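What follows is each chain in one-letter form.
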Amino acid sequence: MAQLAKIAELQAEYDRTQKNKATNGHLGSLKAKMAKLRRELLAEATGGGGGGGGEGFDVKKSGDTRVGLVGFPSVGKSTLLTTLTGTFSEAANYEFTTLTAIPGTMKYRGAKIQILDLPGIIEGAKDGKGRGRQVISAARTCNMILIVLDCMKPVTHKRIIEHELGGFGIRLNQEVPDITFRRKNGGGLNFQSSVPQTKGLDRDVCTRLLKEFRISSADIFLRGDYDIDQFIDVVNGDCIYLPALYVMNKIDQLTIEELDIIDQMPYHVPISGYHRWNMDDLMEEIWDALKMMRIYTKPKGQIPDYDEPVVLHAVKPTVEDFCNRLHRGLIKTFHYAWVWGSSVKHQPQRVGKQHVLHDEDVVQIVKKV
C-alpha cells in the first residue's frame, strides 16, 4: 500500500533526526504527516464508518456495554471468554485458533456486559499483518479493552500491543486532552494557554503542525500542559480514549516472588483462566473501570424493579441522562421525579432533571399532564 510505504519512509526520517529544540518543529511535522496517513488507513479498514471492518468482525452490540479481549495468539483469551460468559470459543495449544470475533454475554450486578473475543494480533498488526487492522478496528467499537498477557512470556508484549493499538488511534487509560480547537475561515491563528507549556508545544509549533493539515486559521486554547502528539490527536479527531486492564493469565505457573514483581504493574489483574482463579476480582475491576451505575425504576404504586436496573455510564449522571437511557422522547414530557437513595436527603425527595444520581438510586418519573 502507498500509505504504508510513506509511513515507513517518514518513520525512518523521524528515527534518524536528532531530538532537540531546534528540530522540534520538524519532528512535529513528520508526526502530523504520519497521523494523516494513518487516518486514511483507518477509514479504509472500517469502510468509512464505525463498523468492525470485515467479514466475521461485524458483531452487533448488545447489552449495556462491550469489552474486547485483545492479545497475542495463545494467551488464553478464548478460555477467559468461556469462563466469564459460558460461550464456547475453541481453545487449543496452537496459535490463531480464533479467526473471527466471537461474542458472549456476562451478567454482573444486573448489568449485561458483552465480551468480544478477538483473534490474536501480532507485531505489525496496525500495518495489516495477520488481519490486524480488522482486529483493531473491531476493538475500537468496544467501551473497554482487556489486554490478555501470558505471564510466562516477555513483558515487552505489553508494550508491543500498546504500540499497535496506539497506531490505530486507541489511547489506553488516558484522559481526553482539555484542548479547544476550532477551525475558522479567516483571521489567522489565535493561540492561548492557561498554563505554561513545558513539552515543546507553542504557537510556532502549532502553526507548523496545522500547515500539514492545510489549516491556516483556528482558535486554540490549552487548559493543560500537553505535548505534540496530544495536540495532533485533537486536530486529527480520530482517537478514542478507552479504559484498559492488563489481565495477567496463567499465574498458576508462577512463584510468589514472580507474582510480587507483576504486582508493581498498574491496571493489572492476575488470573488463571483454566483454574478460574481470581475471576471475582477481575469482574469487580471491569465494573469499576467502566464507571457503571445501576438505577432502579419504580412504577407508581408498585415496588421497585430490582431485577432489571437501568445501567448508566456517565460520570455524575443526571435524571435527564436516566430518561434518555429509557427513551429519547421521555424528557419532553418530564415534569419531575421522586428519588430514593443516597443522592437525596429525604426519602423520597422531589427533584428536577439536573439532579445527579448515585449508584442504586430508585427513580419514579412523573410526566406532565
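The preceding data block contains the structure.
Tallied over the entire structure, the rule returns 4 aromatic pairs. Seen from their ring centres, Phe181 and Phe231 are 6.4 Å apart, and the 90° between their planes marks the pair as edge-to-face. Taken together, the positions of Phe181 in strand β6 (residues 179-183) and Phe231 in helix α7 (residues 228-236) put the pair 50 residues apart, joining distant regions of the chain. Accessibility expressed as a relative area gives 18% for Phe181, which makes it buried. Taking relative accessible area as the criterion, Phe231 reaches 1% and is therefore assigned buried. Against the face of Tyr14 rests Lys19, its NZ or CZ located 4.5 Å from the ring centre. Residue placement shows Arg350 over the ring face of Tyr336; its charged tip is 3.7 Å from the ring centre.

On to the layout of surface pockets. For the largest pocket, the calculated volume is near 810 Å³. For the largest pocket, the lining is made up of 30 residues, of which Arg38, Gly166, Gly167, Arg171 and Asp229 are closest to its centre. Where the lining of the largest pocket is concerned, the elements lending two or more residues are α1 (2-16), α2 (24-45), α5 (156-166), β5 (170-172) and α7. For the lining of the largest pocket, the class distribution of residues is 12 nonpolar, 8 polar and 10 charged. By volume, the second largest pocket amounts to about 530 Å³. Lining of the second largest pocket is provided by 19 residues; of these, Tyr241, Leu242, Pro243, Ala289 and Lys291 occupy positions nearest its centre. Broken down by secondary-structure element, the contributors of at least two residues to the lining of the second largest pocket are β9 (240-242), β10 (244-249) and α9 (279-290).

Now for the sheet that holds strand β2 (residues 102-108). Two orientations exist for strands paired in a sheet by backbone hydrogen bonds: parallel and antiparallel. Read across the sheet, 6 strands follow the order β2-β3-β1-β4-β10-β11 without closing on themselves; strand pairing throughout is mixed. Single-partner strands in this sheet number two, and they are β2 and β11 (268-270). Going from strand to strand, the sheet's axes swing by 25° on average, the running direction of each strand aside. Bridge analysis of strand β4 (residues 144-150) against β10 gives 6 bridges, and the strand direction is parallel. Across the sheet, the residue bridging to Leu149 is Met248, located in β10.

Along its 12 residues, α9 runs 17 Å from first to last C-alpha, staying within 8% of the 16 Å computed at 1.5 Å per residue. Three or more residues of α9 are buried, namely Met279, Leu282, Met283, Ile286, Trp287 and Leu290. When α9 is viewed along its axis, its buried side chains cluster within an angular range of 135° and face the same direction. With its phi angle positive at about 50°, Lys291 sits one or two positions after the end of α9.

With that settled, consider the environment of Phe231. Placed 54 residues apart in sequence, Phe231 and Pro177 show a C-alpha to C-alpha distance of 7.9 Å. The residues touching Phe231, leaving out its near neighbours within four places in the chain, are Ile179, Leu201, Cys206, Leu209, Leu210 and Ile220.

Parameters at a glance
- Residues numbered from 1 in each chain as written.
- Predicted model: local features only at pLDDT ≥ 70, side-chain atom pairs only at ≥ 80, totals over all residues.
- Heavy atoms only, no water.
- Phe/Tyr/Trp six-rings, centres within 6.5 Å; stacked < 30°, edge-to-face > 60°.
- Helix = DSSP H or I, 4+ residues; strand = E, 2+ residues; numbered from the N terminus.
- Buried < 20%, exposed > 50% of the residue type's maximum accessible area, 1.4 Å probe, protein only.
- Lys NZ or Arg CZ within 6 Å of the ring centre and 35° of its normal.
- 1 Å grid on protein atoms, 1.4 Å probe; cavity = no way out; pocket = protein on both sides within 12 Å on 5 of 7 lines; lining within 4 Å.
- Points joined across faces, edges and corners; volume = space filled by probe spheres on them.
- Nonpolar A, V, L, I, M, F, W, Y, C, P; charged D, E, K, R; others polar.
- Pairing = 2+ DSSP bridges.
- Axes fitted to C-alpha atoms, helices over the stretch in contact; angles between N-to-C directions.
- Expected span 1.5 Å × (residues − 1).
- Arc of directions from axis to C-beta.
- Contact = heavy atoms within 4.5 Å.

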